[in-house]
Amino acid sequence: MTGKGNILRYTYMDRINTLTQTAKYWSGPVSVTLYIPTQSTEMDTNYDWKRKYIKKKLHGINTATWNIIAVYANTVTDEYPISYMRNLAERLVKTKYMLLLDADFIISPDFTKKFTEVVATLSSTQDKVAFVVPAFEYLEEIENESLIPQTKDQLKVQLSTKSSNLAPFRIQESPEAHRATDYDMWYTAKKPYVVEMYTDKYEPYLVLRKWNNVPSFDERFTGDGINKVAHIMELKAAGFQFVVLTDVWVIHLPHKRKQFTEKLLQDPLQRLHNRLTRFEFVADLIFKYKLGPCTAR
C-alpha cells in the first residue's frame, strides 16, 4: 500500500522494542500513537527525559514516512485512552487506505503489492468494504527470525506441525474474536471471500478506505477490552461488508501483559464498567442506525 495506504500502530511505552522489531516488515507510511504512563500521583509535566528515551529507542528506524504522536498520562490514575489513540492515529492518515493494527504484529511480505492487486480486481467502490487481514500468533518468543513464514504455504506448514509455535490468533483465549474469519476456508481460498458468520464478539484487523464517513472508535471505551469489538459492531451497523484477504496475514509477537490488561482481568468493577458502557453503546447504535423496532427515544 505504499503511496496508497498507511499502517496505523498503537502502543505503550514499554513496547517500543516490539515496535522497532515489527518495523522491519513494513516500508510504507506509518501513523503511531505512543502512550507514556506515569507513576506520579500529581500532575506530571516532566516530558523531556521521556522524549529523549523515545528518540533513543527509535534510533535506527527509518522514520521518514512515520508520523509519531506521544500521548502523556497526567497522573498514575489516568485510564489508558486506547480509543482516543486509535482515532488520533487515523487522523494522521493521508493515504487512500489504512491498515488498523496494534504495534506488536509483524506483517506478511509484499502486503502492499498483494493488497493493491486485490483492489484492482474489484469493480465496485470499496467505501463500505472492510478488508479482513487474518491474524496468527506465536505462542512463545521466536529465537530465529529466519523461520518467520514468507509465503502462505510456509505458514500453513508451520501451523500443521505437531509442536507448532504458531496458531490462529487468540484461538484458545477468545475463540469468537476471529472465528468468523473462517480459517479453514482461508487455508485453501484463492480469492477474497465475504464473512458469513458475523457475531458481536468479532474483532479482526482491517484495511479500510480512508473517507469521511468511516465510523471512529468510541472514546467512552478506555483501558483494554471492548474498544475493537465495538468498532467492528458499528461498521456492521453502518452497512460495511467484511471481505477476507486470502494472500496476506499478520502475526502477533508474544509480550508481557500491560498493567491495564491486568487491571481488566483482576478488577471485577472494571469489567462491570466495560459491560455497562457496552450496553449504552449498543443502545446508541440502535437509535443512530435505526436498527430493529426501537428506533426512537
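Not measured: the values here are computed from a predicted model.

Participant: Describe the overall build of the protein chain, listing the residues and the values that go with them.
Facilitator: Secondary structure summary: the protein chain contains 9 helices and 12 strands in total. For the protein chain, with 297 residues in total, the buried portion stands at 49%. Only carbon and sulfur atoms are counted for the fraction: they give 52% of the accessible area of the protein chain, which is about 15,400 Å². Averaging the coordinates of the 40 positive side-chain charges in the protein chain and doing the same for the 34 negative ones gives two points 4 Å apart.

Participant: Please set out helix α7 (residues 227-237) residue by residue, giving values where relevant.
Facilitator: Of all 11 residues making up α7, 9 are buried, and the element is well covered by its neighbours. Within α7 the residues assigned to the buried category are Asn227, Lys228, Val229, Ala230, His231, Ile232, Met233, Glu234 and Leu235. Residues of α7 that are buried sit in contact with α3 (82-91), β4 (97-100), β10 (205-209), β11 (241-244) and α9 (268-288). Positioned one or two residues after α7, Gly239 has a phi angle of 95°, which is positive.

Participant: Which residues make up the packing of aromatic side chains, and what are the values?
Facilitator: Following the criterion strictly, the structure yields 16 aromatic pairs and no others. Each ring, one from Phe169 and one from Tyr205, has its centre 6.3 Å from the other, and the planes form 50°; the classification is tilted. Pair noted here: Phe169 is in the loop between β8 (166-168) and α6 (183-188) and Tyr205 is in strand β10, with a separation of 36 residues, a long-range link. The exposure class assigned to Phe169 is buried, which follows from its relative accessible area of 10%. Chaining the aromatic ring pairs together yields one cluster made of Phe136, Tyr183, Trp186, Tyr187 and Trp249. The ring of Trp186 carries Lys152 above its face, with NZ or CZ at 4.2 Å from the centroid. Of note, Lys228 hangs over the ring of Tyr205, and the distance from its end group to the ring centre comes to 4.0 Å.

Participant: Hey, could you go over the pattern of salt bridges for me, with residue numbers and the actual values?
Facilitator: By the definition in use, this model includes 17 salt bridges. Two residues, Arg86 and Asp102, come together in a salt bridge whose shortest N-O distance is 3.3 Å. Here the residue Arg86 occupies a position in helix α3, and Asp102 occupies one in the loop between β4 and β5 (105-107), the gap between them amounting to 16 residues. In terms of burial, Arg86 and Asp102 fall into one category: buried. Between Asp218 and Arg220 there is a salt bridge, and its shortest N-O distance comes to 2.7 Å.

Participant: Any chance you could break down the nonpolar core for me, citing the residues and the numbers?
Facilitator: By size, the foremost hydrophobic cluster in this structure holds 70 residues, and its most contacted members are Phe111, Phe131, Phe136 and Leu208. Ranked by the residues each element gives to this core, the list is headed by strand β6 (residues 129-133), at 5 residues. In this structure, Tyr35, Val71, Ala73 and Ile82 belong to the second largest nonpolar core, which totals 7 residues.

Participant: Break down the environment of Glu203 for me, with residues and values.
Facilitator: Mapping Glu203 onto the fold places it in the loop between β9 (193-194) and β10. Accessibility expressed as a relative area gives 13% for Glu203, which makes it buried. Separated by 44 residues in the primary sequence, Glu203 and Leu159 have C-alpha atoms spaced 21 Å apart. Setting aside chain neighbours within four positions, we find Glu203 in contact with Arg170, Ala177, His178, Lys228, Val229 and Ile232. Side-chain polar atoms of Glu203 contact the side chain of Arg170, separated by 3.4 Å.

Participant: Provide a residue-level description of empty space enclosed by the protein, including the pertinent values.
Facilitator: Evaluation of the coordinates by the stated rule reveals 5 cavities of 30 Å³ or more. Taken as a whole, the largest cavity spans an internal volume of roughly 70 Å³. Residue lining of the largest cavity: 11 residues in total, with Leu100, Pro204, Phe217, Lys228 and His231 positioned closest to the centre. Listing elements by their share of the lining of the largest cavity, those giving two or more residues are β10 and α7. The element that contributes the greatest number of residues to the lining of the largest cavity is α7, accounting for 3 residues. Taken together, the residues of the lining of the largest cavity sort by class into 8 nonpolar, 1 polar and 2 charged.

Participant: Account for the layout of surface pockets, naming residues and giving values.
Facilitator: Put simply, the second largest pocket is a space of about 320 Å³. What lines the second largest pocket is a set of 18 residues, and nearest its centre among them are Val118, Lys190, Lys191, Thr246 and Asp247. Residue assignment for the lining of the second largest pocket shows that the elements contributing at least two residues are α4 (111-121), α5 (152-160) and α6. Per element, the largest residue contribution to the lining of the second largest pocket is 5 residues, and it comes from α4. Residues of the lining of the second largest pocket, tallied by class, amount to 7 nonpolar, 3 polar and 8 charged.

Participant: Account for the environment of Met185, naming residues and giving values.
Facilitator: Tracing the backbone through its elements, the reader meets Met185 in helix α6. Residue classification places Met185 among the partly exposed positions, given a relative accessible area of 39%. Note: C-alpha distance between Met185 and Thr246 (61 residues apart in sequence) is 9.3 Å.

Cut-off values and rules
- Residue positions are given per chain, counted from 1 along the sequence in the order it is written.
- Residues qualify for local features only when their pLDDT is at least 70, as the model is predicted, and side-chain atom pairs are given and counted only at 80 or more; totals for whole chains, interfaces and linings, by contrast, use all residues.
- Only hydrogens and water are set aside; all other atoms, that is, all heavy atoms of the structure, feed into the side-chain values.
- Here a helix means four or more residues in a row that DSSP labels H or I, a strand means two or more in a row labelled E, and each is numbered from the N terminus.
- Working definition: with a 1.4 Å probe on protein chains only, accessible area under 20% of the residue-type maximum means buried, over 50% means exposed, and in between means partly exposed.
- Working definition of accessibility: Shrake-Rupley area with a 1.4 Å probe, residue cover restricted to the visible protein chains.
- Just so you know, the count uses Lys and Arg for positive and Asp and Glu for negative, and it drops His and the chain ends.
- To locate a charge, take NZ of a lysine, CZ of an arginine, CG of an aspartate or CD of a glutamate.
- Whether two residues are in contact is decided by their heavy atoms: any pair within 4.5 Å suffices.
- Pairing of aromatic rings covers Phe, Tyr and the six-membered ring of Trp, with a centre-to-centre limit of 6.5 Å; geometry is then stacked below 30 degrees between planes, edge-to-face above 60, and tilted otherwise.
- Think of it as a cone above the ring: NZ of Lys or CZ of Arg counts as a charge over the ring if it is within 6 Å of the ring centre and within 35 degrees of the ring normal.
- Salt bridge, as used here: a side-chain nitrogen of Lys or Arg that lies within 4 Å of a carboxyl oxygen of Asp or Glu.
- Here the nonpolar core consists of buried residues drawn from Ala, Val, Leu, Ile, Met, Phe, Trp, Tyr and Cys, with membership extended through side-chain atoms lying within 4.5 Å.
- What qualifies as a polar contact is a pair of N or O atoms within 3.5 Å, subject to a donor-acceptor requirement within protein and to the restriction that residues adjacent in sequence count only when both atoms come from side chains.
- Here a cavity denotes a set of grid points, spaced 1 Å apart and computed over the protein atoms alone, in which a 1.4 Å probe fits but from which it cannot get out, and a pocket denotes an open set meeting protein on both sides within 12 Å along at least five of seven lines; residues with an atom within 4 Å of a point are reported as lining.
- Grid points are joined across faces, edges and corners, and a volume is the space filled by probe spheres set on the points.
- We call Asp, Glu, Lys and Arg charged. Ala, Val, Leu, Ile, Met, Phe, Trp, Tyr, Cys and Pro are nonpolar, and the rest, Gly among them, are polar.

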